[in-house]
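Residue-level structure breakdown
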Amino acid sequence: DVYQDALTAVSNRRALFADLNRALANSQRFQMRVQLAFIDLDGFKPINDRYGHQAGDLFLQQVARRLRHGMREGDFISRYGGDEFVIFGLCQQDDPDQARHAWETRLQGQLVGEYLLLDETRINYAGASIGVVTAEPDESAEALLARADHSMYNRKKQRYQSHYYNL
């Protein structure tokens, strides 16, 4: 399938752009807003380096399952590339800051915790850097993704300044 990520079985970047453009157009019609989360899996490279790429693949598959399991009906999930995922959905909340905080908290709760890798190896994952933004009227998919990516990098800087990840 040209719209599915072969490793994680979630949508790929091609599907993301097609569905995000459609959601942005529909949000105007239904007077709702698109909320988008850009997720970068902190500490992924050390997992690959320490446990091997097969273990890293298992980790990515488990992340995708956790994200899929915690989605609301109508939300969209994709693997953007490497260790990055994007989730978006329509929201009715008038307070984008409250909606952003709720999404960050929910997504982080899904990702933090124990993961089983190869040979019964378990890691306690400290979580991801997540940038959540709400689309502005007439904002393009590219601009929305760029803002979310920028927000995620700001969160990453804050997270790394506050503590170091031990895997």
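On a predicted model such as this, the values are computed, not experimentally measured, just so you know. (Residues numbered from 1 in each chain as written. Predicted model: local features only at pLDDT ≥ 70, side-chain atom pairs only at ≥ 80, totals over all residues. Heavy atoms only, no water.)

1. Brief notes about the nonpolar core
Ranked by size, the top nonpolar core spans 25 residues in total, and within it I39, L41, F59, V63, L67, F85 and L107 carry the most contacts. For this core, the elements supplying multiple residues, two or more each, are strand 1 (33–40), helix 2 (44–51), helix 3 (53–69), strand 3 (84–91), helix 4 (96–111), strand 5 (122–125) and strand 6 (129–134). The biggest single contributor to this core is helix 3, with 6 residues. L20, L36, V86 and V133 belong to the second largest nonpolar core, which has 19 residues in total. (Core = buried A, V, L, I, M, F, W, Y, C linked by side-chain atoms within 4.5 Å. Buried < 20%, exposed > 50% of the residue type's maximum accessible area, 1.4 Å probe, protein only. Helix = DSSP H or I, 4+ residues; strand = E, 2+ residues; numbered from the N terminus.)

2. Side note on the packing of aromatic side chains
By the definition in use, this model includes 6 aromatic pairs. A centroid spacing of 6.2 Å and a plane angle of 25 degrees characterise the contact between F44 and F59, whose relative ring orientation is stacked. With a gap of 15 residues between them, F44 in helix 2 and F59 in helix 3 connect regions that are remote in the sequence. On the basis of relative accessible area, F44 is assigned to the buried category, the value being 11%. Judged by its relative accessible area of 0%, F59 falls in the buried class. Between Y115 and Y125 the ring centres are 5.8 Å apart and the planes differ by 90 degrees, which places this aromatic pair in the edge-to-face class. Of this pair, Y115 sits in strand 4 (residues 113–116) while Y125 sits in strand 5, and the two are 10 residues apart along the sequence. No difference in accessibility class separates Y115 from Y125, as the two residues are buried. In this structure, R66 is placed above the aromatic ring of Y115, and the distance from its NZ or CZ to the ring centre is 3.7 Å. (Phe/Tyr/Trp six-rings, centres within 6.5 Å; stacked < 30°, edge-to-face > 60°. Lys NZ or Arg CZ within 6 Å of the ring centre and 35° of its normal.)

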